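Results of the structural survey
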Amino acid sequence: MFDRLGGAVVAHPWRIIVAWVAVAAFIIIPSPSLTRFTSNNNSSFLPGSYQSVQAENVAQENFPAVAGASGLIVVNRTDSGVLTTSDQQKISALAASLSGAHIPAVTSVTTSASHLSGDGKVQLVQVVFAGQPGDQGPNAAVPDVRDRTTDFLAGSGLQGGLTGNAAISVDSTNAFQNAEKIITVATVVLILLLLGFVFRSPIIAVLPIAIIGIVHQMAEAVTADLADWLGFVVGPELAPLLLVVMFGVGTDYIVFLLFRHRERVSRGDGALASLRYSVVRVGEVITSAAATVMAAFAALLVASLESLRTLAPGLIVGVALMLLAALTLVPAIMSILGLHLFWPAYPKPADEGHRTRSERIGGRVARHPAVVLGVSGGALIALAFGTLGYKTTYNQLAELPSDTPSQQAYDTMAAAFPAGYLGPTQVFVTSPAPPAHTEVNALSAALARTTGVATVVPPQYTPNGGAAMIQVLLTDDPYSISAIDNVAGPVRTTANGSIPGATVLVGGTTSQLVDVRAALRNDMKHVFPLALVAVAIILALLLRTIVAPIYLLAGVIITYAATLGTIVLVFLDGFGFTGLDFTIPIIVYLFVMAIGTDYNILIASRLREEFNAGEEPRSAARLAIEHGAPAVSAAALVLAGTFASLLLTGIQLLEEIGLAVALGVLLAANVLATRIVPTLAALRGWHFWWPHKLHTRTATARDDPLSAKELSGGKR
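Quick summary incoming for the structure in this document. The structure presented is a predicted model; accordingly, all values stated were derived computationally and were not measured.

**Remarks on the overall build of the protein chain**
- A tally of regular secondary structure across the protein chain gives 24 helices and 10 strands.
- The C-alpha atoms of the protein chain give 30 Å as radius of gyration, which agrees with the globular expectation for 716 residues (27 Å, within 12%).
- Referenced to the eigenvectors of the C-alpha coordinate spread, the extents of the protein chain come out at roughly 90 × 45 × 45 Å.
- Burial statistics for the protein chain: of 716 residues in total, 58% are counted as buried.
- When contacts within the protein chain are restricted to residue pairs at least 6 apart in sequence, long-range pairs at least 24 apart make up 80% of them.

**Quick notes on the environment of D147**
- Position of D147 among the secondary structure elements: in helix 6 (residues 136-153).
- D147 gets classed as partly exposed once you look at its relative accessible area, which sits at 49%.
- Residues D147 and G465, spaced 318 residues apart in sequence, show a C-alpha to C-alpha distance of 39 Å.

**So, the nonpolar core**
- Formed by 202 residues in total, the largest nonpolar core has its most connected members in Y253, F591, Y599 and F643.
- For this core, the element with the highest residue contribution is helix 20 (residues 584-612), accounting for 18 residues.
- The residues touching F591, leaving out its near neighbours within four places in the chain, are L241, V245, F297, L315, G596, F643 and V661.
- Of all hydrophobic cores here, the second largest spans 23 residues; its members include L83, V106, F129 and V142.

**A word on the side chain of S511**
- Structurally, S511 is set in helix 18 (residues 509-543).
- Within the structure, S511 has its side chain in polar contact with the backbone oxygen of V506 (distance 2.7 Å).
- Sequence-distant contacts of S511, that is, excluding residues within four places in its chain, are made with S52, V487, R492 and V506.

**Brief notes about the sheet that holds strand 3 (residues 122-129)**
- The four strands are arranged 2-3-1-4 in an open sheet whose pairing can be described as antiparallel. Looking along the sheet, the strands with just one partner apiece sit at the ends: strand 2 (106-110) and strand 4 (158-163). Neighbour-to-neighbour, the strand axes of the sheet open up by a mean angle of 20°, direction not taken into account.
- Relative to strand 3, strand 1 (residues 70-77) runs antiparallel, the two being bridged by seven bridges. Bridge pairing links V74 to L124 in strand 3.
- Against the sheet, helix 5 (residues 85-100) contacts strand 1, strand 2, strand 3 and strand 4, and its axis sits at roughly 150° relative to strand 1.

**Things to note about the packing of aromatic side chains**
- Within this structure, the stated rule accounts for 15 aromatic pairs.
- Ring plane angle 35° and centroid distance 6.1 Å describe the contact between F571 and F575, whose orientation is recorded as tilted.
- Among the aromatic residues, ring-to-ring pairing joins Y551, F611, F688 and W689 into one connected group.
- Sitting above the plane of the F197 ring, R200 keeps its charged end 4.7 Å from the centroid.
- The ring of Y277 carries R264 above its face, with NZ or CZ at 4.1 Å from the centroid.

**Let's talk about the pattern of salt bridges**
- Using the criterion set out here, one finds 12 salt bridges in the structure.
- Among the ionic pairs, E609 bridges to R260, the shortest N-O distance being 3.0 Å. Placement of the pair is E609 in helix 20 and R260 in helix 9 (residues 238-266), with a sequence separation of 349 residues.
- When its relative accessible area of 14% is taken as the criterion, E609 is described as buried.
- Exposure remark for R260: the relative accessible area of 10% places this residue in the buried category.
- When salt bridges that share partners are traced, they join E263, R267, R606 and E610 into one network.

**A closer look at a positive patch on the surface**
- Residues R357, R360, R364 and R367 make up a contiguous surface patch of positive charge.
- If you trace the backbone, R367 turns up in helix 13 (residues 357-367).

**Section: helix 1 (residues 2-11)**
- By the burial criterion, the buried members of helix 1 are F2, G6, G7, V9 and V10. Down the axis of helix 1, the buried set is contained in an arc of 165°. They therefore lie on one face.
- Here the buried face of helix 1 lies against helix 2 (13-28), helix 10 (271-298) and helix 12 (311-337).

**Points about the packing of helix 13 against helix 21 (residues 617-644)**
- Packing of helix 13 against helix 21 leaves a shortest axis separation of 8 Å and a crossing angle of 150°. As helix 13 packs across helix 21, the resulting crossing turns out to be right-handed. Together, R357, S358, E359, I361, G362, G363, V365, A366 and R367 of helix 13 and R618, A621, R622, I625, E626, A629, P630 and S633 of helix 21 make up the contact between the two elements.
- Looking at side-chain class alone, the contact of helix 13 with helix 21 contains seven nonpolar, four polar and six charged residues.

**Digging into the sheet that holds strand 9 (residues 503-508)**
- Read across the sheet, four strands follow the order 7-8-6-9 without closing on themselves; strand pairing throughout is antiparallel. Since the sheet does not close on itself, it has two edges, and those belong to strand 7 (453-461) and strand 9, each with one partner. With strand direction ignored, the average angle separating the axes of adjacent strands in the sheet is 20°.
- Contacting strand 6 (425-430), strand 8 (467-474) and strand 9, helix 3 (residues 51-62) crosses the sheet at an angle of about 95° to strand 9.
- Seen against the sheet, helix 18 touches strand 6, strand 8 and strand 9 and runs at an angle of roughly 95° to strand 9.

What counts and how
Residues numbered from 1 in each chain as written. Predicted model: local features only at pLDDT ≥ 70, side-chain atom pairs only at ≥ 80, totals over all residues. Heavy atoms only, no water. Helix = DSSP H or I, 4+ residues; strand = E, 2+ residues; numbered from the N terminus. Rg over C-alpha atoms; globule rule 2.2 N^0.38 Å. Buried < 20%, exposed > 50% of the residue type's maximum accessible area, 1.4 Å probe, protein only. Contact = heavy atoms within 4.5 Å. Core = buried A, V, L, I, M, F, W, Y, C linked by side-chain atoms within 4.5 Å. Polar contact = N/O pair within 3.5 Å; in protein donor to acceptor, adjacent residues only side chain to side chain. Pairing = 2+ DSSP bridges. Axes fitted to C-alpha atoms, helices over the stretch in contact; angles between N-to-C directions. Phe/Tyr/Trp six-rings, centres within 6.5 Å; stacked < 30°, edge-to-face > 60°. Lys NZ or Arg CZ within 6 Å of the ring centre and 35° of its normal. Salt bridge = Lys/Arg side-chain N within 4 Å of Asp/Glu carboxyl O. Patch = residues over 30% accessible without salt bridge, like charges linked within 9 Å, V, L, I, M, F, W, Y side chains within 5 Å. Areas by Shrake-Rupley, 256 points an atom, 1.4 Å probe, with all protein chains shown as cover. Lys, Arg positive; Asp, Glu negative; His and termini not counted. Charge placed at Lys NZ, Arg CZ, Asp CG, Glu CD. Arc of directions from axis to C-beta. Left-handed = near helix turned anticlockwise from the far one by under 90°. Nonpolar A, V, L, I, M, F, W, Y, C, P; charged D, E, K, R; others polar.

Now the structure itself:
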């Protein structure tokens, strides 16, 4: 198949290029923007079976004022002094002014003496929006409210900042969009520098950027179309992750092809013959690598948490399009360029008297495989012990850059009010007959005595008395682990089943996080083994063996543990983070499993190629490292650098993903793929390839459509 594909690409390069341009225009031009389908509202990602979602449905039906997006304008003096009577009057006038402005999607703006802090330094103005956090209405209203507040308080000695779920949603979206711009610039510069350094060719440095840039736009457009047709939303992290994944794996596939092409040209092959041979040999490798990545991401489709599940379509589409481009568009352009592709550093035969770094590593592995295996495996296991200090966080506000407006307003409020003011917890009581006030009051009193509750607002009732709501203000930050534990335990235990014959549901920000945590734990039980099995099947089909995939996947799991342990040491012990983002274990697992396996595939395929050609196990390991390690190291460096660009965003989630995947890729490439896997193959011999029997060069020449001369030509 790949032989026919390589022949078609070399024979008709212009047809392929024109077809790609036409298809790209057909996809990109009419498609909507992906931002239209982006949301960070946790409730929109939870299945309807969870209590917080059911509580929100009750709120929307009976208490719409608390069911939608909300905000708090935190007002204090610029000199941090006590608010005077005149200041308080000015704040009341601010609320009246905003209310009278009839801002679209703002339903009410109120304040009163009860909104004044105990120390008299901060007063809150409550803003209620129509719609959910992340909806177009609240998104447009948040900057309008902020601008009007700033203008109204100008010159008064007062300052006001808007926080709350509507403002946090807007700030989070803005932060991720800004992060995408930073990542784009950093990635482009990095690829230019690294590929320029490795290949000494400006054409090669620019080629991946141009190709991947177009394919990335196609992937975003297709993902937006799928979201539109199938009616789903995606989290704000998808856009930056899609960017780094496509530039990372795309550059990997192109680098794999370039290294094999350069190797054949340096042996004396013509440009077209070399390119066709490279497509045949590398085509199977990158197809298997892409299939592994897509299979791992496809495991997310079984997740109940939609913010994880909807990562899958975009990432799968991106990798699939990048694979098609690597097999067709890239070699078509390379075919037209011919040897000019490498200008001015044209390939030349290797210096027989000079041993490269890869040759030295290969020789060391061949001579002392057990020692190399012990040292490399021991290093990974030692790093894995860092996972013992693992802690998690659900505080998405604290993960945003410190200069985020909603974060600054929250910090001012938290210094004067109980932290729970940011996200009240609501307890809803409904029943076929109106709930008795005595029973609701008894529940309210019980909640006030519950662990983790700072205060309880007197119950509110619908006009017909058919439903009641009790507002609970927590002692701790509503996004904190302690608040989540208290709502999951004491608060829900006190509320659920407290009134016979009535339905009592706990809703609000913290209750949503309780359910997010439960959904995530359930998803990990399904996603982890499913991804492992899918990757194992692909490796077995590629390598035609059962044993080798087991070794490879065991190595990947240890590499994942070492990666997670290292970022725990860096972020928690080194930088003092309270915990890693709650999605980190599952996201990093999939990325290390999927992308890290690419390098195992390249080395294992070369090992099998040398083994089938009749090389002894240790010689096969040496040759696989000698010829495969340069491509693996270069590709891993580019991919790691691409993900490392996430460290520049100032968003803790992206910083953690960036360092984790960069580190995981480097460990997978430089420890697992180029040391551990070859040593295992050297030590286990033909058993590594069981049930595959040892092949001779004669059998290989008979079964392989490529000639034995081509397989063994040049320096092996």
